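Coordinate inspection notes
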Amino acid sequence: MGNKVEAALLSHGFNLNKYEETVLEYGLSDVWNFLTSYLIENGVDTFSKNIVDFYDIGRLYEIGLAIENKYSKKEAGKYYTPRDVSKLMADLLIENNQLNCVADVGCGCGNLIIEVLSKIKERSLDEFNNVISNLYLFDLDKTAINICKARITAMFGVDANSINDVCGDFLSKTIKVPNNCYIISNPPYSQIKEIKKNWEYKTAITESKDLYVGFIEKIIRSSKKAVIVSPQSYIVGSKFGKIRNILFEKGNGDIYSFDNVPGTLFNGRKQGVFNTNTANGVRASILTFNNSEIKGFRLTHLIRFRTDERDNVININYVKEQLGTKKQDLKRPLKCFKELEFFVENIESELKISSLLAEETTDYCVHVNSSARYFIVGSSKQLSRNGTMDLYAKDEESFYKLYALLNSSYAYLWWRMLDGGILIPKSLLLDIPLPSNDYLKEDVVAYCKDLIKNEKKYLVYKKNAGVMQESIKFPEYCREKLNKMMFGNIPFELIHSNKEIF
Ligand SMILES: C[S@@+](CC[C@H](N)C(=O)[O-])C[C@H]1O[C@@H](n2cnc3c(N)ncnc32)[C@H](O)[C@@H]1O
């Protein structure tokens, strides 16, 4: 079989079309049996030259899974970690620690563990040898584990038999993690329909029905330190209260959050043999967790970077610089720019935006476009478009308060700190606390009246799915003027930028 696969894949050189045909004819497992032997026999350089770059093996395997279509790729949640993200996570895992036992949970083809081992080997051969004798790979997919082991063998000359691999459902009670281990993981992301009887921890996953949440719970309950990349829904959504409580109960750490537009964390560069679109647009975050009596998590703002900023942003020095100073209990995680922490901490009001609203319709309605990519707009004009909400203020003063909070940076700041997706839900908007100072001065009311008069002047139109959508786009200086009148000199421009580095 090996010879047939070899002939099919390599005669006249490897390319993606042949890979596809060979996977369909012989199956992914046989194709990779051959490719892993080829890697071990010929070494990293020859493999990179003749097949695919050694660091793109995970991606080639992922394409194979999609080709084979054994199960929907999305459901299996198999997205390889791009190399820059893997390096960043490895740096975060090994900094300030001498490692002994290391595990990669959902190791796949080993993108994460390979970077961890490379960095440890670079700093100490003794530490590397210790780690190699206490290395654990967990995955459900036997072929992926074999690829991972072959890569470690080819890269570091390590005997594959000395690596502990555990093939099976990581959430199962029967799968144990060694004590005091350092864990790195990019767990699978998918919604689950049933809670399996044999799972070890069911609390957080039952609440959220997200597979990755089950992985986070088991990892933090069994590790000394962990670095996990996952969707950031667990610090945003209301159905993740349990996992956040467990995180806080078990220790401390940092959470680095990334927006998915313009650049996205999982968007590897497309080059060479790859021209397929395998980008994963999930809004991701990287969690570092230390099992400890000291509690609390520092968070970054929602890092929004352009693809051309990637190298400057996805590195340990840059991301650590962005951490806030405050340790949060994760009851209501705030992804706040550290430059805005002082402003946010001084908001003490018990009252929420909801306190400005009437229960029934009134003459004082503010219409809000619920799509909030770079700013929020509230208007007195009813817009001709989909996706607006009508907020009825209880009186004239409340109307101007509402109008000012929506068209300044204030409501948008809370939106970015609490969520930051594309659509702003009404419930989140109404739950925003009111600013504590006297923000509705006479000049603010006068300026809001001016803006209302000019709403028509700033109408813009865009076609969406064949239907024209009307919006208002006030010039930036209007928002800035309102901000200044209401709050003084606060660097709100940070939250509206579509790039990360100024
Ligand atoms: C998002 S991929 C990450 C792959 C690799 N670690 C990387 O970062 O490139 C998730 C991995 O989890 C594995 N997986 C899915 N469900 C699993 C389960 N229940 N138990 C263990 N591993 C699982 C998949 O086979 C896949 O390799």
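Residues numbered from 1 in each chain as written. Predicted model: local features only at pLDDT ≥ 70, side-chain atom pairs only at ≥ 80, totals over all residues.

Before going further, it helps to examine the overall build of the protein. Summing up its helical and strand segments, the protein has 21 helices and 13 strands in all. Principal axes of the C-alpha set define a box for the protein whose edges measure 80 × 55 × 45 Å. Across the 502 residues that make up the protein, the buried fraction comes to 42%. Across the protein, every contact between residues at least 6 apart in sequence was considered, and the portion connecting residues at least 24 apart equals 75%. (Helix = DSSP H or I, 4+ residues; strand = E, 2+ residues; numbered from the N terminus. Buried ≥ 20, exposed ≤ 12 C-beta atoms within 10 Å, placed from the backbone. Contact = placed C-beta atoms within 7 Å.)

With that settled, the discussion passes to the site of the ligand. Close to the ligand lie 22 residues; Tyr80, Thr81, Gly106, Gly108 and Asn186 are nearest. Grouping the constituent residues of the shell around the ligand by class yields eleven nonpolar, seven polar and four charged. (Near = placed C-beta within 6 Å. Nonpolar A, V, L, I, M, F, W, Y, C, P; charged D, E, K, R; others polar.)

As for its placement among the helices and strands, Pro425 is situated in the loop between α17 (410–418) and α18 (426–430). Sequence spacing of Pro425 and Ala372 is 53 residues, and the spatial spacing of their C-alpha atoms is 10.0 Å.

The amide bond that connects Val261 to the next residue, Pro262, takes the cis arrangement and shows omega of 0 degrees. Of note, the phi angle at Ala465 is positive, near 50 degrees, even though the residue is not glycine. In this fold, Ala465 is placed in the loop between β12 (459–464) and β13 (467–472).

On to the pairing of strand β1 (residues 102–105). Side chains Val102 and Asp104 project from β1 onto one buried face, and the interleaved Ala103 and Val105 project onto a second face that is buried too. Of the pairings in the sheet, the one linking β1 to strand β4 (residues 181–185) comprises four bridges and is parallel in character. By the bridge assignment for β4, Asp104 is matched with Ile184. Inspection of the sheet shows β1 paired to strand β2 (residues 135–139) by four bridges, in the parallel sense. Residue pairing across strands places Asp104 opposite Leu137, the latter belonging to β2. (Pairing = 2+ DSSP bridges.)

A sheet is described by the order of its strands in space; here eight strands give the open sequence β3-β2-β1-β4-β5-β7-β6-β8, paired in mixed fashion. Each having just a single partner strand, β3 (164–167) and β8 (296–303) make up the two edges of the open sheet. Recorded for the sheet is a direction-independent mean angle of 10 degrees between the axes of neighbouring strands. (Axes fitted to C-alpha atoms, helices over the stretch in contact; angles between N-to-C directions.)

This brings us to the domain arrangement of the protein. When the parts come together, some accessible area is lost, and that loss is often what is quoted as the size of the interface. Taken domain by domain, the protein holds domain 1 (2–68), domain 2 (73–266 + 281–335) and domain 3 (346–496). Distance between the C-alpha centres of domain 2 and domain 3: 38 Å. Across the boundary between the two partners, domain 2 contributes six residues, which contact six residues of domain 3. Along the lines of polarity and charge, the residues of the side of domain 2 that touches domain 3 split into three nonpolar, no polar and three charged. (Domains from an automatic or database assignment.)

Looking at the secondary structure, you find Ile67 in helix α4 (residues 57–68). Once the C-alpha coordinates of Ile67 and Pro262 are considered, the two residues, 195 residues apart in sequence, prove to be 28 Å apart. Setting aside residues up to four positions removed in sequence, Ile67 forms contacts with Glu20, Val23 and Leu24.

Let's shift gears to helix α16 (residues 396–407). Over its twelve residues, α16 runs 17 Å from end to end, which matches the ideal 16 Å to within 8%, given 1.5 Å per residue. Taking burial as the measure, the twelve residues of α16 include ten buried ones, the bulk of the element. Among all positions of α16, only Ser398, Phe399, Tyr400, Lys401, Leu402, Tyr403, Ala404, Leu405, Leu406 and Asn407 are buried. (Expected span 1.5 Å × (residues − 1).)

Judged by nonpolar contacts, the single largest core of 137 residues is most densely connected at Met89, Val116 and Ala411. Filtering out sequence-adjacent residues up to four positions away, Ala411 remains in contact with Ile376, Leu405, Leu406, Leu429 and Ile432. (Core = buried A, V, L, I, M, F, W, Y, C linked by C-beta atoms within 7 Å.)

For the rest of this paragraph, the subject is the packing of helix α19 (residues 442–454) against helix α20 (residues 476–487). Running from N to C, α19 and α20 point in directions that differ by 165 degrees, and their axes come no closer than 10 Å. Of the possible angle classes, the one that applies to α19 and α20 is roughly antiparallel. In this structure, α19 crosses over α20, and the sense of that crossing is left-handed. Here Asp443, Val444, Tyr447 and Leu451 of α19 come into contact with α20, specifically with Cys478, Lys481, Leu482, Met485 and Met486. The residue inventory of the contact of α19 with α20, partitioned by class, reads seven nonpolar, no polar and two charged. (Parallel < 35°, antiparallel > 145°, perpendicular 65-115°, else oblique. Left-handed = near helix turned anticlockwise from the far one by under 90°.)

Now for the sheet that holds strand β9 (residues 365–369). One open sheet holds the three strands; their spatial order is β10-β9-β11, and the pairing between them is antiparallel. Since the sheet does not close on itself, it has two edges, and those belong to β10 (378–379) and β11 (388–392), each with one partner.

Right, let's talk about the packing of helix α2 (residues 16–26) against helix α3 (residues 28–50) for a bit. Running from N to C, α2 and α3 point in directions that differ by 120 degrees, and their axes come no closer than 6 Å. With respect to α3, the element α2 is oriented oblique. Residues Thr22, Val23 and Tyr26 of α2 touch α3, and the partners they reach there are Leu28, Asp30 and Val31. Residues belonging to the contact of α2 with α3 are distributed by class as follows: four nonpolar, one polar and one charged.

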